Amino acid sequence: MQVIDTIIFDLDGTLLNTLEDLTDSVNYMLAQYGFPTHTVEEVRMYVGNGVRLLVERALPADKKQMTDECLKVFSAHYDKNKANKTRPYDGINEMLAQVRSAGYKTAIVSNKYEKAVKALAAEEFGGMIDAAVGEREGMRPKPAPDGVYEAMRLLGATRQTAVYVGDSDVDVMTAKNAGLKMIGVEWGFRDKELLKSLGADVTVSSPSRILQAVKSI
């Protein structure tokens, strides 16, 4: 039996609370066109499938044809404002230090575009993340397993030696599609009951419980 030595994390809603900055950029974009803006809780339900779908979902029903144009406005604003209010969840940095000290390799796989993923990983977590993979040309977004496979390739991991940690329905499906065990976190953008109903192998109530979950999964 091979032992897990690699932990692959989702980013938004798992390691970082990015919701307020995403909401601000969505509402900036909408305001440029005089469209109605959204609450943080509304935007919470739009995230998880990449920024293009986030923008499409945020637009009025009769303005979906403007998605590509509005995506450029959103991205330009988010590039400059992605770290205004974004912070690691309480206990995340301590958890990363703990798993690194225990010898685990770490990666981030996100549906956020790769430039932002790499920048946030470097700014927020320093050298505690070995590989950061985001949305880019030629790589299908989650729940397709492409990003997970790329992280595994970069770190020399296999399905038997890696585990996936995330907070959403998209993450559960991603882990299943990649053939990995999945740890659901209960502090993110979706609730515990949904994660369990979709087939998360285990859920954890705080970052301090992740290492033990990895060892027991």
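Residues numbered from 1 in each chain as written. Predicted model: local features only at pLDDT ≥ 70, side-chain atom pairs only at ≥ 80, totals over all residues. Heavy atoms only, no water.

Engineer: Explain the overall build of the protein chain to me, please; I cannot follow it from the model alone.
Structural biologist: When helices and strands are tallied, the protein chain shows ten helices and eight strands. The globule rule puts the C-alpha radius of gyration for 217 residues at 17 Å, and the 17 Å found for the protein chain is close to it. Referenced to the eigenvectors of the C-alpha coordinate spread, the extents of the protein chain come out at roughly 55 × 35 × 35 Å. Residue burial in the protein chain is summarised as follows: out of 217 residues, 53% are buried. Looking at the protein chain alone, contacts between residues at least 24 apart form 64% of all its contacts between residues at least 6 apart. Within the structure as shown, the protein chain displays about 9,700 Å² of accessible surface, and the carbon and sulfur contribution to it stands at 49%. Distance between charge centres in the protein chain, computed from 27 positive and 30 negative side chains, equals 3 Å. (Helix = DSSP H or I, 4+ residues; strand = E, 2+ residues; numbered from the N terminus. Rg over C-alpha atoms; globule rule 2.2 N^0.38 Å. Buried < 20%, exposed > 50% of the residue type's maximum accessible area, 1.4 Å probe, protein only. Contact = heavy atoms within 4.5 Å. Areas by Shrake-Rupley, 256 points an atom, 1.4 Å probe, with all protein chains shown as cover. Lys, Arg positive; Asp, Glu negative; His and termini not counted. Charge placed at Lys NZ, Arg CZ, Asp CG, Glu CD.)

Engineer: Where do I start with the nonpolar core in this structure?
Structural biologist: The tendency in soluble globular proteins is for nonpolar side chains to be buried as a group. Within the largest apolar cluster, 52 residues are counted, with the highest numbers of intra-cluster contacts made by Phe74, Phe125 and Ile210. Leaving out residues up to four positions away in the same chain, phenylalanine 74 has contacts with Leu22, Ser25, Val26, Met29, Val51, Leu54 and Val55. In terms of nonpolar packing, the next biggest core, distinct from the first, is built from 20 residues, Val148, Ala151, Leu155 and Leu180 among them. (Core = buried A, V, L, I, M, F, W, Y, C linked by side-chain atoms within 4.5 Å.)

Engineer: Any chance you could explain the packing of helix α1 (residues 19-32) against helix α4 (residues 67-81) here in plain terms?
Structural biologist: The angle between the axes and the distance between the axes are what describe a pair of packed helices. Between α1 and α4, the shortest axis-to-axis distance is 9 Å and the interhelical angle comes to 135°. Classed by the angle they form, the pair α1 and α4 counts as oblique. Like other packed secondary-structure pairs, α1 and α4 cross with a definite hand, here right-handed. Every residue of α4 that contacts α1 at Asp21, Leu22, Asp24, Ser25, Val26, Tyr28, Met29 and Gln32 is listed here: Cys70, Val73, Phe74, His77, Tyr78 and Asn81. (Axes fitted to C-alpha atoms, helices over the stretch in contact; angles between N-to-C directions. Parallel < 35°, antiparallel > 145°, perpendicular 65-115°, else oblique. Left-handed = near helix turned anticlockwise from the far one by under 90°.)

Engineer: Hey, could you run me through the environment of glycine 50 in this one?
Structural biologist: Relative to the helices and strands, glycine 50 is located in the loop between α2 (40-44) and α3 (51-58). For glycine 50, a relative accessible area of 10% gives the class buried. Considered as a pair, glycine 50 and asparagine 111 are 61 residues apart in the sequence and their alpha carbons are 4.5 Å apart. Those residues within four positions of glycine 50 in sequence are excluded, and the remaining contacts are Asn111 and Glu135.

Engineer: Teacher, can you tell me more about unusual backbone geometry here?
Structural biologist: Comment: phi is negative for the bulk of residues other than glycine, and the bulk of peptide bonds are trans. With an omega of 20°, the peptide bond between lysine 142 and proline 143 qualifies as cis. Relative to the assigned elements, proline 143 resides in the loop between β5 (131-135) and α7 (146-155).

Engineer: What is the right way to read the pattern of salt bridges from this model?
Structural biologist: In a structure, side chains of opposite charge can pair up when their charged atoms sit close to one another. Under the defined criterion, the tally for this structure stands at 15 salt bridges. A salt bridge links aspartate 169 to arginine 190, with the nearest nitrogen and oxygen atoms 3.5 Å apart. Of this pair, aspartate 169 sits in helix α8 (residues 169-178) while arginine 190 sits in the loop between β7 (181-185) and α9 (192-198); the two residues are 21 residues apart in sequence, bridging distant segments of the chain. You can call aspartate 169 partly exposed: its relative accessible area is 23%. The network of salt bridges with common partners includes Glu114, Arg136, Glu150 and Arg153. (Salt bridge = Lys/Arg side-chain N within 4 Å of Asp/Glu carboxyl O.)

Engineer: When you look at the pairing of strand β1 (residues 6-9) in this model, what are you seeing that I'm missing?
Structural biologist: Sheet faces and side chains relate simply in a regular strand, where the side chains alternate between the two faces. Burial along β1 is two-sided: the face carrying Thr6 and Ile8 and the face carrying Ile7 and Phe9 are both buried. Both β1 and strand β4 (residues 105-113) contribute to a ladder of four bridges, which runs parallel. Each residue of the ladder has a partner; that of phenylalanine 9, found in β4, is isoleucine 108. Here four bridges tie β1 to strand β6 (residues 162-166), and the two strands are oriented parallel to one another. Bridging from a neighbouring strand, threonine 6 pairs with alanine 162 of β6. (Pairing = 2+ DSSP bridges.)

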